[in-house]
Amino acid sequence: MKKTIKIAHLYYDLMNLYGESGNVKALKKFIERQGIDVEIHFLTIDDKIDFKKYDFFYLGAGSEENEYIVLSELNKYRGEIKEAIEDGVMFLVTGNALELFGKKLNLKNGKSIDCLNTFSFNAIEADERIIGELFYKCHELEKNNTVVGFKNCSFNLVNKDYEKLFDSSDNIHYKNFYGMMFVGPVLIRNPYFTDHILKTLFEQHGLTYRTDDNSIEYVAYKKYIENFVINDNLD
């Protein structure tokens, strides 16, 4: 029986502030290139989320108001989320959605908001908004390992217990959970990183993943790296 990859796009209507639905479109395109069927399930408020039903979960950035709504909803699944991550289910969480997986949001006014406590970090509100293009090396990739992204957020992630989870861009990799403070269609901008996470996903299901880097995404990535990234300055 032919395998179908099932992707859950969580709160697609609330957490799509920077057109991050492009990440799900990229996943679909890259998977279909392999000759594998893919289903996108769009889940939002009041939809029942079964964390054993899907192969890949995606959650993008949203407004502050929507972020708090989604936090309230995800709190219903706190235990299931942690169990799925420990079981190696693939997650990609981008932008300020990553803040929800820590212990608390610590606000400048001295108040704090309890989060999912999936990881032992706190999100600390900065004095000024953090905006800019950032780069980091994904050390799991042997080559073409520079990940390019744009950061636009109000919080820094601070963690004393799990410092190894973090890099200079406040990104997290734990098992098959990838959390990136980058916003926008990061998977389109970083096709080799997309290949990496999908290769891992395919191996989980006994499938073979082949990279064909002749398409426009790879050409654009290499040209950007050539023109704008000084690799000696990367972590």
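All of the points below concern the structure found in this document. (Residues numbered from 1 in each chain as written. Predicted model: local features only at pLDDT ≥ 70, side-chain atom pairs only at ≥ 80, totals over all residues. Heavy atoms only, no water.)

1. Some details on the pairing of strand β3 (residues 56-59)
- Side chains Phe 56 and Tyr 58 project from β3 onto one buried face, and the interleaved Phe 57 and Leu 59 project onto a second face that is buried too.
- Sheet topology places β3 next to strand β4 (residues 90-94); four bridges connect them, and they run parallel. Following the sheet pairing, Phe 56 is matched in β4 by Met 90. (Buried < 20%, exposed > 50% of the residue type's maximum accessible area, 1.4 Å probe, protein only. Helix = DSSP H or I, 4+ residues; strand = E, 2+ residues; numbered from the N terminus. Pairing = 2+ DSSP bridges.)

2. Points about empty space enclosed by the protein
- In this structure the tally under the stated criterion is one cavity of 30 Å³ or more.
- Its boundaries defined by the atoms lining it, the largest cavity holds a volume of some 50 Å³.
- Every residue along the wall of the largest cavity is listed here: Leu 10, Phe 51, Phe 57, Tyr 58, Leu 59, Leu 74, Ile 81, Phe 91, Leu 92, Val 93 and Phe 101.
- Grouping the amino acids of the lining of the largest cavity by side-chain chemistry returns eleven nonpolar, no polar and no charged. (1 Å grid on protein atoms, 1.4 Å probe; cavity = no way out; pocket = protein on both sides within 12 Å on 5 of 7 lines; lining within 4 Å. Points joined across faces, edges and corners; volume = space filled by probe spheres on them. Nonpolar A, V, L, I, M, F, W, Y, C, P; charged D, E, K, R; others polar.)

3. Details of the layout of surface pockets
- Here the largest pocket defines a volume of roughly 370 Å³.
- Looking at the largest pocket, it is lined by 14 residues, and the ones nearest its centre are Leu 141, Tyr 192, His 196, Lys 199 and Thr 211.

4. A few points about the packing of helix α1 (residues 21-33) against helix α5 (residues 191-204)
- Orientation of α1 relative to α5, taken along the N-to-C sense of each, is 65°, at an axis distance of 11 Å. The two elements α1 and α5 cross, and the hand of that crossing is right-handed. Touching Leu 27, Phe 30 and Ile 31 of α1 are Pro 191, Thr 194, Asp 195, Leu 198 and Phe 202, all from α5. (Axes fitted to C-alpha atoms, helices over the stretch in contact; angles between N-to-C directions. Left-handed = near helix turned anticlockwise from the far one by under 90°. Contact = heavy atoms within 4.5 Å.)

5. So, the pattern of salt bridges
- Summed over all chains, the structure comprises eleven salt bridges.
- Between Lys 76 and Glu 73 there is a salt bridge, with its nearest N and O atoms 3.3 Å apart.
- Look at Glu 73 and you get buried, because its relative accessible area is 11%.
- We note a salt bridge from Arg 189 to Glu 133, for which the minimum N-O separation is 2.5 Å. (Salt bridge = Lys/Arg side-chain N within 4 Å of Asp/Glu carboxyl O.)

6. What about the nonpolar core?
- Counting 38 residues, the largest nonpolar core has Tyr 11, Phe 57, Leu 59, Phe 101 and Phe 177 as the members making the most contacts within it.
- At the level of secondary structure, the elements contributing two or more residues to this core comprise β1 (4-10), β3, α2 (64-74), α3 (78-86), β4 and β8 (146-158).
- Apart from the residues lying within four places of it in its own chain, the contact partners of Phe 101 are Leu 59, Ile 81, Val 93, Leu 116, Asn 117, Thr 118, Phe 119, Phe 121 and Phe 177.
- Judged by nonpolar contacts, the second largest core, of 36 residues, contains Ile 7, Val 38, Phe 182 and Tyr 218. (Core = buried A, V, L, I, M, F, W, Y, C linked by side-chain atoms within 4.5 Å.)

7. Observations regarding the packing of aromatic side chains
- What the rule picks out here adds up to 18 aromatic pairs.
- Plain terms: the ring middles of Phe 57 and Phe 91 are 5.0 Å apart, the flat faces sit at 20° to each other, and that makes the pair stacked. Taken together, the residues Phe 57 in strand β3 and Phe 91 in strand β4 connect sequence positions 34 residues apart. As far as the burial class goes, Phe 57 and Phe 91 line up, both buried. (Phe/Tyr/Trp six-rings, centres within 6.5 Å; stacked < 30°, edge-to-face > 60°.)

8. A short note on the state of the cysteines
- Under the counting rule described, the total for this entry stands at zero disulfides.
- The thiol sulfur of Cys 115 is not disulfide-bonded, and the nearest other cysteine sulfur, from Cys 153, lies at 14 Å.
- A relative accessible area of 1% means that Cys 115 is categorised as buried. (Disulfide = S-S within 2.5 Å.)

These values are about where atoms sit, not about what they do.
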